[in-house]
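Coordinate analysis (summary)
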Amino acid sequence: MSVTSAQGFRAAGATAGLKSSGVSDVALVVNDGPDHHVAAVFTSNRVEAAPVTWSRQVVSDARADAVFLNSGGANACTGARGFQDAHRTAELVAEALGASATDVVVCSTGLIGEFLPMDRIETGVRLTADALADDGGPTAASAIMTTDSVPKQAVLAGDGWTVGGMAKGAGMLAPGLATMLCVLTTDAVVEPADLDTALRAATARTFDRVDSDGCMSTNDTVVLLASGASGVAVDLPGLTAAVAGVCDDLARQLVADAEGASHEIAVEVRSAATEADAVEVARSVTRSNLFKAAIFGRDPNWGRVLAAVGTTGAAFDPTLLDVAINGVEVCRGATVGEGRSLVDLAPREVRVVVDLHAGEATATVWTNDLTHDYVHENSAYSS
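Just so we're clear, the structure is a prediction, and the values are computed from it rather than from any experiment. (Residues numbered from 1 in each chain as written. Predicted model: local features only at pLDDT ≥ 70, side-chain atom pairs only at ≥ 80, totals over all residues. Heavy atoms only, no water.)

**As for the overall build of the protein chain**
Of the regular secondary structure elements, the protein chain holds 10 helices and 15 strands. For the protein chain, the C-alpha radius of gyration of 21 Å lies close to 21 Å, the compact-globule estimate for 383 residues. A fraction of 79% describes how many contacts in the protein chain between residues 6 or more apart in sequence connect residues 24 or more apart. Total accessible area on the protein chain stands at roughly 14,300 Å², and carbon and sulfur atoms take up 51% of it. Taking the 25 positively charged and 48 negatively charged side chains of the protein chain as two groups, their mean positions are separated by 5 Å. (Helix = DSSP H or I, 4+ residues; strand = E, 2+ residues; numbered from the N terminus. Rg over C-alpha atoms; globule rule 2.2 N^0.38 Å. Contact = heavy atoms within 4.5 Å. Areas by Shrake-Rupley, 256 points an atom, 1.4 Å probe, with all protein chains shown as cover. Lys, Arg positive; Asp, Glu negative; His and termini not counted. Charge placed at Lys NZ, Arg CZ, Asp CG, Glu CD.)

**A closer look at the packing of aromatic side chains**
Applying the stated rule across the entire model yields 1 aromatic pair. In this structure, R81 packs its charged tip against the face of F115, placed 3.9 Å from the ring centre. Directly above the aromatic system of W366 lies the positively charged group of R252, at a separation of 3.8 Å from the ring centroid. (Phe/Tyr/Trp six-rings, centres within 6.5 Å; stacked < 30°, edge-to-face > 60°. Lys NZ or Arg CZ within 6 Å of the ring centre and 35° of its normal.)

**Details of the sheet that holds strand 8 (residues 181-186)**
Strand order in the open sheet made by the 5 strands is 3-9-8-7-6, with mixed pairing throughout. In this open sheet, the two strands that pair with only one neighbour each are strand 3 (37-42) and strand 6 (152-157). Taking the axes of each pair of neighbouring strands and ignoring which way they run, one obtains an average angle of 10° across the sheet. Taken together, the 6 bridges between strand 6 and strand 7 (residues 162-168) define a ladder with antiparallel strand orientation. Counterpart to L156 in the pairing with strand 7 is V163. Against the sheet, helix 5 (residues 192-205) makes contact with strand 3, strand 8 and strand 9 (221-226), and its axis sits at roughly 30° relative to strand 3, the strand it touches most. (Pairing = 2+ DSSP bridges. Axes fitted to C-alpha atoms, helices over the stretch in contact; angles between N-to-C directions.)

**Re the nonpolar core**
In this structure, L28, V67, L69, V105, M166, V183 and L225 are the most contacted members of the largest nonpolar core, which totals 53 residues. Leave out the neighbours within four places in its chain, and V67 touches A27, L28, V29, V105, C107, V183, V223 and L225. Of all hydrophobic cores here, the second largest spans 33 residues; its members include I265, V285, V354 and A363. (Core = buried A, V, L, I, M, F, W, Y, C linked by side-chain atoms within 4.5 Å. Buried < 20%, exposed > 50% of the residue type's maximum accessible area, 1.4 Å probe, protein only.)

**What to know about helix 1 (residues 50-58)**
The complete set of buried residues in helix 1 reads A50, P51, V52, W54, S55 and V58. Contact partners of the buried residues in helix 1: strand 3, helix 2 (79-97), strand 5 (104-108) and strand 9.

**Focus: the side chain of D369**
Tracing the sequence through the fold places D369 in the loop between strand 15 (361-368) and helix 10 (372-380). Separated by 2.4 Å, the side chains of D369 and S262 make a polar contact. Separated by 2.8 Å, the side chains of D369 and H263 make a polar contact. Other than its neighbours up to four places away in sequence, D369 contacts A261, S262, H263, I265, K292, I295 and F296. (Polar contact = N/O pair within 3.5 Å; in protein donor to acceptor, adjacent residues only side chain to side chain.)

**A word on the sheet that holds strand 2 (residues 26-31)**
If you walk across this open sheet you meet the 4 strands as 1-2-4-5, and the pairing is mixed. This sheet does not close on itself; its edge strands, each paired only once, are strand 1 (9-14) and strand 5. Direction aside, neighbouring strands of the sheet carry axes that sit 10° apart on average. Across 5 bridges, strand 4 (residues 66-70) lies against strand 5 in parallel orientation. In the sheet register, F68 faces strand 5, and the bridge partner there is V106. Sheet strands touched by helix 3 (residues 118-131): strand 1, strand 2 and strand 4. Its angle to strand 1, the strand with the most contacts, is close to 135°.

**A look at helix 3**
For helix 3, which comprises 14 residues, the first-to-last C-alpha distance of 20 Å matches the rise-based estimate of 20 Å (1.5 Å per residue) to within 8%. All of the buried residues along helix 3 are M118, I121, G124, V125, T128 and A129. The arc enclosing the buried residues of helix 3, seen along the axis, measures out at 125°, which places them on a common side. Of the exposed residues in helix 3, the ones pointing more than 90 degrees away from its buried face are D119 and D130. On its buried side, helix 3 packs onto strand 1, strand 2, strand 4 and helix 2. (Expected span 1.5 Å × (residues − 1). Arc of directions from axis to C-beta.)

**Let's talk about the side chain of T186**
With respect to the secondary-structure elements, T186 resides in strand 8. Judged by its relative accessible area of 0%, T186 falls in the buried class. In terms of polar contacts, T186 uses its side chain to reach the backbone carbonyl oxygen of T162, at 2.9 Å. For T186, the residues in contact, after removing those within four places along its chain, are A6, F9, W161, T162, V163, L195, L224, L225, A226, S227 and G228.

**Notes on the pattern of salt bridges**
This model, assessed by the stated rule, comprises 20 salt bridges. Of the charged contacts in the structure, one is a salt bridge between E349 and R351, with a shortest N-O distance of 3.1 Å. Under the relative-accessibility criterion, R351 is labelled partly exposed at 36%. Where salt bridges share partners, they join R252, E264, R348, E349 and R351 into one cluster. (Salt bridge = Lys/Arg side-chain N within 4 Å of Asp/Glu carboxyl O.)

Have a look at this one:
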């Protein structure tokens, strides 16, 4: 159940000394082929990290042989030197693998505004290259963690082919084509164009609909590698469904591990005029600190839901809105529904349904509650 579950991939994690805690902090995933196809999506934050800038160039020809990732330093807002360090990292990996630097994707996560200690990166490249194994996925998944409490891995088996993946992220989870660092792999035989189409379709409905705290990282990257090692050709619908399944699994794991959270919250908007309207309304609710604080306090305050809905440009009649929280319709026709006392907010999972009565489109965005622990953790961690 990892990034190496698909045939044709090896991975490793190692400790290079980037973290003062002494835990593992570098990872390497290698595609041994026979195909070396890649697709990727990146943050839409205009302040993007050096490894994002480098990796955009790498994937432009739809080929990649490896992905090197480090935690313990974002290499963001580091200027020309930061880009040179990302390039040098790719060169080091290429030298170790006998590949080309222009076929090495580089990902970083950690503190913004600090230069990477390249002597330690060089050590990390050597250690991970020496430790590569076809069962090395779990060690790689652990090495990319920052404030994560657990590694995130997922796999979905098709008929003779597989999609696997790993991700990291516990904060700064807001959409922009991607939502953290994630490496996906498949041994299916697919064309590069289909790989790109499948990835973008999958992330649009999964990672793009995880919105933990409304804060978008400078480093967000999702990479999908295809080895073709299974020998099984897969059509676009089948590939998209499998990639989306793995992405959805990983996205839910991200929400479950959100910094300091005590509730995972799904905000589902029904009967919207368009899917875009549904997403806009759902995201407005999930970004309301008043709503998120209420859920933390186990207060089914549906007025905060309606207030958030009303700030959007979505098409709806404000007098027809319904809101249900964990199955209790607390608001009916934009006024009082069933009693709030009937709502049980003790379970970790909370489901809020907003019915706009404006059409047939629907969308769900996941978030988490706003807790004391979240504030404490982010007051003590520079980012």
